[in-house]
Amino acid sequence: MSPAGPGPEAARPLALDGGWGWAVVAGSFLALLLGYGSPQSVGVLYPEWLLAFGEGKATTAWVGSLVVGVGLIVGPICSVCVVNFGARPVTVFSGVMVAGGLMLSAFAPNVPFLIFSFGIVVGVGVGLLYTATLTITCVYFEKKRGLALGIVTTGTSVGGFLYSALQSELIERFGLDGCLLVVGALALNVVACAGPMRPLTPPKYYLKQRAAILERRLQEEEEKPSAKDPVIAMETREPLVRGRSLFSGSAFVRMIKMKMGRYSQCLSSMLSVLQDRVLMALCVSLFLFSVGNFPPQIFLEDLARSSGMTEGVASISLVSLNAIGAGVGKLGLGVMADVPWVDSVLLYALTVGVGGLGVLLIPLASSYLDLQVLSVVLGFLSGNWTLIPYVTSQVVGVEKLAEAHGILMFFGGAGLTLGPPVVGCFYDFTQSYNVAFYLSGGCMTVGSVVLFLVAVLPRTDTPPLPPPPPDTELISCTVTTPTDATSPDT
């Protein structure tokens, strides 16, 4: 059984693969359901915001794109918070942040305020929540890690399915503002879901503080004068005080330089993995997939309404169908990735390509039933976010997985952030979704072809990193665990 985290082998806790770990899975599942329910079903809120504020589709689309993209863009920072403070405190803080952002959005006077409250505040909150839940799950599981992560990440899809119907009902009964207040109150239950997330090892911040306290005590004992004469004691303390006052500024500068050197070394270590051409192609493919895959989740409901396809149709919403397909896709594709003869890189490229073809078919849909079928198919294929940790480990190996996964999440978050506003701009310019969806599907198809061509060509190994200087104190560059985070099926 391999260790569960970085550090000396003797200091790493063994993964439990059961027992209390299933309580952690249950708590993480519920936390993602409650936290991601409203962001995942933002397609239900989007038409209401268009009517309430009267802004263009491109401007309003920034709300839905930021709430998902920001969480991924700040993923490395979120991982550092989890490593230093632990999953439980971060989950509690994220629950308060998500609830506060949703409730604050109920009082939004315009779209720019909504971009801040719903897009940025809730987005950073769900980013922290996602990183914390997946990190603690990876700590408790190793052999069954794929199954545990599949169950946990399905919480986002189940939340999107339930909240799409719930928010529609709440809007009819209490209006848009009342709906956001209710779902914000529900998000506060994320705080309770943090209860089972007890750490197996103390977080790094606690260890650093404890080490600093012990070091200070040792220094104080060494500085105590051996003689009991008060004159000797004063002579011993005075040079110390004068030294601190004279050299405190230079010591502060040295500390800043040392910290900057450590962080620059950490950054160079993360960027060095981009020398692998398959990983670089994966970054490009993930960016193009994110640009094209997320807009249909936001705009399909508005497309159906503006085209008159929903008249006389009483059935489940497109957002709910997409969430159902995403939940099945996460579990199904995760199981397929565990099959020994399946190449996860080619499987991911296949899902991206088929998803691109599905988006290209949206402008050709002539009925609400066609959009429903496409919603399920695109939702299933969007479950390929579960494949990203497997793909990354196959490309760069487990040793460099942490750095590579953080870079991939940044590219994915950038694509999710840009996709809906770009589609909205095309609609505002052409007054039609056809060109926008052709562009989205084309991006996904190009990303699939690029990754497939690069993956089948012979590749060279990434050159090893140079050893660090002997006088430099290392800090951990690990921002995720080997299967820390798959992005939500945005």
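Keep in mind that this is a model prediction, so the values were computed, not measured.

Engineer: Can you explain helix α2 (residues 42–53)? Please cite residues and give values.
Structural biologist: Counted at 1.5 Å a residue, the expected span for α2 with its 12 residues is 16 Å, and the 16 Å between its end C-alpha atoms agrees. Looking at α2, one finds that the buried residues are Val42, Gly43, Val44, Leu45, Tyr46, Pro47, Trp49 and Leu50. Downstream of α2 by a residue or two, glycine 54 has a phi angle that is positive, lying close to 65 degrees.

Engineer: Tell me about the packing of aromatic side chains, residues and numbers included.
Structural biologist: Under the definition given, this model contains 6 aromatic pairs. Measuring from centroid to centroid gives 5.2 Å for tryptophan 49 and phenylalanine 118, while their planes differ by 75 degrees, and the two rings are edge-to-face. In this pair, tryptophan 49 sits in helix α2 while phenylalanine 118 sits in helix α6 (residues 111–140), placing the two residues 69 residues apart along the sequence. Each member of the pair tryptophan 49 and phenylalanine 118 is classed as buried. Here the aromatic cluster, defined as three or more aromatic residues joined through ring pairs, consists of Phe289, Tyr348 and Trp385. For arginine 198, the ring lying beneath its charged end belongs to tryptophan 20, and the centroid distance is 4.3 Å.

Engineer: Describe the confidence of the model for the chain, with residues and values.
Structural biologist: Residues of the chain with pLDDT of at least 70 account for 74%, and the chain-wide mean is 76. The low-confidence segment residues 1–12, where pLDDT is below 50, has 19 contacts with residues more than four positions distant or belonging to other chains. Overall, residues 231–248 carries pLDDT values under 50, and its contacts beyond four positions in sequence, including any with other chains, amount to 9 contacts.

Calculation criteria
Residues numbered from 1 in each chain as written. Predicted model: local features only at pLDDT ≥ 70, side-chain atom pairs only at ≥ 80, totals over all residues. Heavy atoms only, no water. Helix = DSSP H or I, 4+ residues; strand = E, 2+ residues; numbered from the N terminus. Expected span 1.5 Å × (residues − 1). Buried < 20%, exposed > 50% of the residue type's maximum accessible area, 1.4 Å probe, protein only. Phe/Tyr/Trp six-rings, centres within 6.5 Å; stacked < 30°, edge-to-face > 60°. Lys NZ or Arg CZ within 6 Å of the ring centre and 35° of its normal. pLDDT = per-residue confidence, 0-100. Contact = heavy atoms within 4.5 Å.

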